[in-house]
Amino acid sequence: MVIDMTDSKVYAIGDCIISPLGYTSENTYKAIVNGESRLEMHCGTFGLPQPFFGSLFERNTLDAEFYSETGNRDNILYSTVEKAAILAASRAIRNASIDPAADNVIFVISSTKGNINKAAQGLMPNDESPYVWSSSNRIAQFFGNRNQPVTVSLACTSGIVAQIAAMRALKFGGANGVQQYKYAVVIGAEELSKFIISGFQSFRALSTERCMPFDAERKGLNLGEAAAAIVMCDILLTGDKDFEDIKAIKEITAKIEEGTAVLPKALVNTDVVVEK
């Protein structure tokens, strides 16, 4: 069926933030509201001669959370950035109640550096693991998804560009106007390394204390590690199901637009669509 995608709307139906402040969106948000911080001075980290002020994952805690979420998976097979990305995506997917392996799900993964730290670890010939696209494939394959993931690596704009790419994939991703994807799992993840820190230090961009954005006495920025995932869902507004179902979704849609409700899990897998 040919679909006019100009009448569709895209909603975020699941999310998760993994950070040194917490391992869910709620915990991270509460920590920020309470004024908590995991920024601290790091001396000798990554073998760097100069100290830096930053926020890092506690590796043992990340490994424990990863194992708890994924069961008996061998976490040694994945790098820190991949573990964080998989963990964030897994919890966002569970929150949205979708099947990540389904053909109508596309993964969009953003990272500015990915596994670049592996490039300094003595790679075997033809080892593609440092490439961001290679990491994206491993993350999508973890969830059993057979679609080619979209990889975005555009420096500081990577996260927002990934969200735009996901929305376009949902709206216009099919051939000849036929809708191909109903859900997009958008992931952004970064880990720090000697390569990244030394690069920022080389042009003196890092502060030697907690940064003070917009302050007249600011001395630079702080870097940190985190991963976040959003599950997006496309709802086509054409209305071809029972009136009561359409009426219910219209009411929910109105609440979403008002900011007073989120899309219920029960509606995530429905084919019911709305006509205004």
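Look above for the structure.
Note that the coordinates shown come from a computational prediction; the quantities given were computed from them, not determined experimentally. (Residues numbered from 1 in each chain as written. Predicted model: local features only at pLDDT ≥ 70, side-chain atom pairs only at ≥ 80, totals over all residues. Heavy atoms only, no water.)

Colleague: Hey, could you go over the overall build of the protein for me, with residue numbers and the actual values?
Modeller: When its secondary structure is counted, the protein shows seven helices and eight strands. Residue pairs at least 24 apart in sequence account for 71% of intrachain contacts in the protein once pairs closer than 6 positions are excluded. (Helix = DSSP H or I, 4+ residues; strand = E, 2+ residues; numbered from the N terminus. Contact = heavy atoms within 4.5 Å.)

Colleague: Pulling in residues and values, what's your account of the packing of aromatic side chains?
Modeller: Taken as a whole and judged by the stated rule, the model has nine aromatic pairs. Note on Phe-66 and Phe-142: the rings are 6.3 Å apart at their centroids and 50° apart in plane angle, and the pair reads as tilted. Of this pair, Phe-66 sits in helix H2 (residues 59-70) while Phe-142 sits in helix H4 (residues 132-142), and the two are 76 residues apart along the sequence. The buried category is assigned to Phe-66, whose relative accessible area is 0%. Here the aromatic rings of Tyr-78 and Phe-142 are separated by 5.7 Å at their centres, their planes lie at 80°, and the arrangement is edge-to-face. With Tyr-78 in the loop between H2 and helix H3 (80-96) and Phe-142 in helix H4, this residue pair connects regions lying 64 residues apart in the sequence. Just as Tyr-78 is buried, Phe-142 falls in that class too. Ring pairs connect the aromatic residues Phe-66, Tyr-78, Phe-107, Phe-142 and Phe-143, which therefore count as one cluster. (Phe/Tyr/Trp six-rings, centres within 6.5 Å; stacked < 30°, edge-to-face > 60°. Buried < 20%, exposed > 50% of the residue type's maximum accessible area, 1.4 Å probe, protein only.)

Colleague: Give a description of the sheet that holds strand E7 (residues 223-224) that names residues and reports values.
Modeller: Read across the open sheet, the three strands follow the order E2-E3-E7; overall the sheet is mixed. Each edge of the open sheet is held by one strand with a lone partner, namely strand E2 (40-42) and E7. The pairing of strand E3 (residues 52-55) with E7 spans two bridges and is parallel. Its bridge partner lying in E7, Gly-54 is registered against Leu-223. (Pairing = 2+ DSSP bridges.)

Colleague: Report on the packing of H3 against H4, specifying residues and quantitative values.
Modeller: When two helices pack together, their arrangement is captured by the angle between the axes and the distance separating the axes. The N-to-C vectors of H3 and H4 enclose an angle of 40°; their axes lie 10 Å apart at closest approach. On the basis of their axis angle, the class for H3 and H4 is oblique. Judged by the twist between their axes, the crossing of H3 over H4 is right-handed. Here H3 contributes Glu-82, Ala-85 and Ile-86 to the contact with H4, which in turn contributes Ser-135, Arg-138, Ile-139 and Phe-142. Classifying every residue of the contact of H3 with H4 gives four nonpolar, one polar and two charged. (Axes fitted to C-alpha atoms, helices over the stretch in contact; angles between N-to-C directions. Parallel < 35°, antiparallel > 145°, perpendicular 65-115°, else oblique. Left-handed = near helix turned anticlockwise from the far one by under 90°. Nonpolar A, V, L, I, M, F, W, Y, C, P; charged D, E, K, R; others polar.)

Colleague: Requested: an account of the pairing of strand E6 (residues 183-190), with residues and values cited.
Modeller: Counting buried positions along E6 yields six of eight residues, so the element is predominantly enclosed. Where strand E4 (residues 105-110) lies against E6, six bridges are found, and the strand directions are parallel. Bridged to Val-108 within E6 is Val-186.

Colleague: Please give an account of the pattern of salt bridges that cites residues and values.
Modeller: Using the criterion set out here, one finds 10 salt bridges in the structure. In this structure, the salt-bridge partner of Arg-91 is Glu-65, at a minimum N-O distance of 2.6 Å. Taken together, the residues span a long stretch of sequence, with Arg-91 in helix H3 and Glu-65 in helix H2 at a distance of 26 residues. According to the relative accessible area criterion, Glu-65 is partly exposed, its value standing at 24%. Note that Arg-138 is salt-bridged to Glu-82, the shortest N-O span being 3.1 Å. A residue pair is termed long-range when its members are at least 10 positions apart, and Arg-138 in helix H4 and Glu-82 in helix H3 qualify at 56 residues. Salt bridges sharing partners connect three or more residues here, namely Glu-65, Glu-69, Arg-91 and Arg-94. (Salt bridge = Lys/Arg side-chain N within 4 Å of Asp/Glu carboxyl O.)

Colleague: Which residues make up the nonpolar core, and what are the values?
Modeller: Among the nonpolar cores identified, the biggest contains 36 residues, and Ile-98, Phe-107, Val-185 and Ile-187 are the most heavily contacted of them. At the level of secondary structure, the elements contributing two or more residues to this core comprise strand E1 (8-18), H2, H3, E4, H4, E6 and strand E8 (226-236). Looking at this core, the element that brings in the most residues is H3, giving 10 residues. Ignoring anything within four residues of it in the chain, the contact list for Phe-107 reads Ile-93, Pro-100, Ala-140, Phe-143, Asn-145, Pro-149, Val-150, Val-185 and Ile-187. By size, the runner-up hydrophobic cluster in this structure holds 12 residues, among which are Ile-106, Ala-162, Ala-166 and Leu-170. (Core = buried A, V, L, I, M, F, W, Y, C linked by side-chain atoms within 4.5 Å.)

Colleague: Account for the environment of Ile-197, with residues named and values stated.
Modeller: Within the element layout of this structure, Ile-197 appears in helix H6 (residues 194-202). On a C-alpha basis, the gap between Ile-197 and Gly-54 in space is 9.6 Å, while along the polypeptide they are 143 residues apart. Each residue touching Ile-197, except ones within four places of it in the same chain, is listed here: Phe-46, Leu-48, Phe-52, Leu-192, Leu-206 and Leu-223.

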